Amino acid sequence: MKHLSIVVPDEQTTMSTIACIIGALQVFGAANNYVVSRGEAAVFKIELIGATKNDFLNNNLLSVKHQFAINEIDKTDLILIPASSIRSYDTATKNNKLLIDWLTKQYTQGAEIASMCAGSFMLASTGLLAGKTCSTHWALAENFRELFPDVNLQTDKLITDENGMYTNGGAYSFLHLLLYLVEKFYGRQTVIHCAKYFQIDLDRNFQAEFSIFNGHKKHSDDEIIRAQQFIEENYQTKISIEKLASNLNIGRRNFDRRFIKATGLTPLDYLQRVKIEAAKKMCETTRKTVNEIMYEVGYNDAKAFRDVFNRVTGLSPLDYKSKYNKESKLLVM
């Protein structure tokens with residue numbers, strides 16, 4: 001039987017930490033129960049682990065007592081890291097630093113690791129994500145990039161899977177990561193059972209439609225900040241990236257390089273995301289048609305607008321409007 005270790009952080013926790021831990025216990029417990037009911041052996045022995053034997057997670061309303069200390073776990077097969085308020089190794093408490101070091105040791109011994117929501121910060125603090133793809137809650141993206149610039153953060157993705165490490169987007173999307181892992185380790189029939197039992201949609205791949213684009217301004221490149229501000233104030237007009245770079249007395253290639261380094265996006269992608277964020281707000285709050293919205297945000301080509309909107313949100317403009325605009329739903333009905 002494989003061993004599943006669910007990390008119980010020492011302090012630096014939120015209610016989301018407890019939700020992730022309880023959710024993991026329930027989903028993997030249900031998966032075990034299902035395969036046993038079919039006459040098969042349980043896949044995982046599920047254990048709650050902490051830095052020391054006597055620690056427990058306490059968040060006023062609820063507490064979670066773990067079963068084992070890390071010095072009692074020589075080897076495990078899969079580790080789940082719940083959301084927490086740990087932002088880096090430097091800010092972790094003494095016991096959480098012990099947990100971070102233990103994660104590194106277990107991964108080098110063959111364990112796979114999955115982080116839920118802001119648990120990606122603890123995972124990134126190990127250094128194991130350097131050069132690899134990772135997701136986290138879209139609202140934490142700037143903070144994450146600032147702390148871990150060597151990680152390829154992709155917040156549009158709901159789940160990433162690379163070299164035995166799994167991450168997911170924010171909040172209760174951790175349930176989709178749990179189902180992803182259940183399918184990987186138990187199979188399709190079991191994950192369908194769990195999805196039905198807990199009433200979770202299967203096969204969601206993006207968190208893009210839920211994200212709010214606020215730009216990435218936590219950097220020290222003043223010229224690029226000026227460029228971002230210009231784009232955000234003039235996105236409805238035709239903006240020439242070449243002219244924008246020239247106005248800032250920066251060569252185009254150097255401008256692109258600096259823009260990507262500062263924001264994680266090309267100037268064109270940044271412009272498109274500003275336009276689409278404005279279009280999303282209009283879809284949500286106005287009775288304007290998709291064509292009217294398209295023109296207002298500076299697009300003249302309907303196909304180009306639809307393609308970019310779909311790439312950024314995962315939905316067509318019409319589908320997005322139907323989903324998030326109450327008046328549109330009433331009109332359809």
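Look above for the structure.
The following refers to the structure shown.

Things to note about the sheet that holds strand S5 (residues 68-69)
Strand order in the open sheet formed by 7 strands is S5-S2-S1-S6-S7-S11-S10, with mixed pairing between adjacent strands. In the strand order of this sheet, the two ends are held by S5 and strand S10 (159-162), each with one partner. Relative to strand S11 (residues 165-168), S10 runs antiparallel, the two sharing 4 bridges. Considered in S11, the bridge of Asp161 is made with Tyr166. Contacts between helix H1 (residues 15-37) and the sheet are confined to strand S1 (2-7), strand S2 (44-50) and strand S6 (78-81), with S2 contributing the most and set at about 165° to the helix. Those strands touched by helix H5 (residues 174-186) are S1, S2, S6, strand S7 (112-115), S10 and S11, and its axis lies near 150° from that of S11.

Brief notes about the environment of Lys2
Mapped onto the fold, Lys2 is located in strand S1. In this structure Lys2 comes out as partly exposed when scored by relative accessible area, which is 37%. Sequence-wise, Lys2 and Asp77 are 75 residues apart; in three dimensions their C-alpha atoms are separated by 6.0 Å. The contacts of Lys2, once residues within four sequence positions are left out, are Val43, Phe44, Lys45, Asp77 and Phe185.

Thoughts on the packing of aromatic side chains
The full count for this structure, using the stated rule, is 17 aromatic pairs. For the pair Phe28 and Tyr186, a centre-to-centre distance of 6.2 Å together with 55° between the ring planes defines the contact as tilted. Here Phe28, found in helix H1, pairs with Tyr186, found in helix H5; they are 158 residues apart in sequence, far enough to count as distant. Tyr186 shares its class with Phe28; the two are buried. With a centroid separation of 5.3 Å and an interplanar angle of 70°, the aromatic rings of Phe44 and Phe185 are classed as edge-to-face. Remark: Phe185 occurs in helix H5 and Phe44 occurs in strand S2; sequence separation between them is 141 residues. Exposure class is identical for Phe44 and Phe185. Each is buried. Each member of the aromatic cluster is reached from another via a ring pair, and the members are Tyr299, Phe305, Phe309, Tyr320 and Tyr324.

Here's the deal with the pattern of salt bridges
With the rule as written, the count across this model stands at 16 salt bridges. Here Arg273 and Asp269 are joined by a salt bridge, their closest N and O atoms 3.5 Å apart. One end of the pair, Arg273, and the other, Asp269, are both in helix H10 (residues 267-285), 4 residues apart, so they sit about a helical turn from each other. Bridged by salt links that share partners, the residues Asp156, Asp269, Arg273 and Arg311 form one connected network.

Re unusual backbone geometry
For Gln12, which is not a glycine, the phi torsion comes out positive at approximately 45°. Turning to its location among the elements, Gln12 is positioned in the loop between S1 and H1. Its identity as a non-glycine residue notwithstanding, Asn163 has a phi of 55°, on the positive side. One can find Asn163 in the loop between S10 and S11.

Some remarks on the nonpolar core
In this structure, Phe28, Leu80 and Tyr186 are the most contacted members of the largest nonpolar core, which totals 65 residues. When residues no more than four places from it in sequence are discounted, the contact partners of Leu80 are Leu4, Ser5, Ile6, Val7, Ala24, Phe28, Ala114, Met116, Leu178 and Leu181.

Regarding the packing of helix H7 (residues 222-234) against helix H9 (residues 252-263)
In contact at an axis separation of 10 Å, H7 and H9 are set at 85° when each is read in the N-to-C sense. On the basis of the axis angle, H7 is roughly perpendicular to H9. For the pair formed by H7 and H9, the contact residues are Glu223, Ile224, Ala227, Gln228 and Ile231 on the first element and Phe255, Arg258, Phe259, Ala262 and Thr263 on the second. Grouping the amino acids of the contact of H7 with H9 by side-chain chemistry returns 6 nonpolar, 2 polar and 2 charged.

Let's talk about helix H6 (residues 188-198)
Along H6, the residues that are buried comprise Thr190, Val191, Cys194 and Ala195. The arc that holds the buried residues of H6, viewed along the axis, is 135°, so those residues lie on one side. Along H6, the residues that are exposed and aim more than 90 degrees away from the buried face are Lys196 and Tyr197. Gln199 sits one or two residues past H6 and shows a positive phi near 55°.

Structural notes on H7
Given a rise of 1.5 Å per residue, 13 residues ought to cover 18 Å, and the 18 Å separating the end C-alpha atoms of H7 matches this to within 8%. All of the buried residues in H7 are Ile224, Ile225, Ala227, Gln228 and Ile231. The arc enclosing the buried residues of H7, seen along the axis, measures out at 160°, which places them on a common side. Of the exposed residues in H7, those oriented more than 90 degrees away from the buried face are Asp222 and Glu233.

A look at the side chain of Thr136
Along the chain, the position of Thr136 falls in the loop between strand S8 (133-134) and helix H4 (141-147). According to the relative accessible area criterion, Thr136 is buried, its value standing at 0%. In terms of polar contacts, Thr136 uses its side chain to reach the backbone carbonyl oxygen of Cys117, at 3.2 Å.

Cut-off values and rules
- Residues numbered from 1 in each chain as written.
- Predicted model: local features only at pLDDT ≥ 70, side-chain atom pairs only at ≥ 80, totals over all residues.
- Heavy atoms only, no water.
- Pairing = 2+ DSSP bridges.
- Helix = DSSP H or I, 4+ residues; strand = E, 2+ residues; numbered from the N terminus.
- Contact = heavy atoms within 4.5 Å.
- Axes fitted to C-alpha atoms, helices over the stretch in contact; angles between N-to-C directions.
- Buried < 20%, exposed > 50% of the residue type's maximum accessible area, 1.4 Å probe, protein only.
- Phe/Tyr/Trp six-rings, centres within 6.5 Å; stacked < 30°, edge-to-face > 60°.
- Salt bridge = Lys/Arg side-chain N within 4 Å of Asp/Glu carboxyl O.
- Core = buried A, V, L, I, M, F, W, Y, C linked by side-chain atoms within 4.5 Å.
- Parallel < 35°, antiparallel > 145°, perpendicular 65-115°, else oblique.
- Nonpolar A, V, L, I, M, F, W, Y, C, P; charged D, E, K, R; others polar.
- Arc of directions from axis to C-beta.
- Expected span 1.5 Å × (residues − 1).
- Polar contact = N/O pair within 3.5 Å; in protein donor to acceptor, adjacent residues only side chain to side chain.

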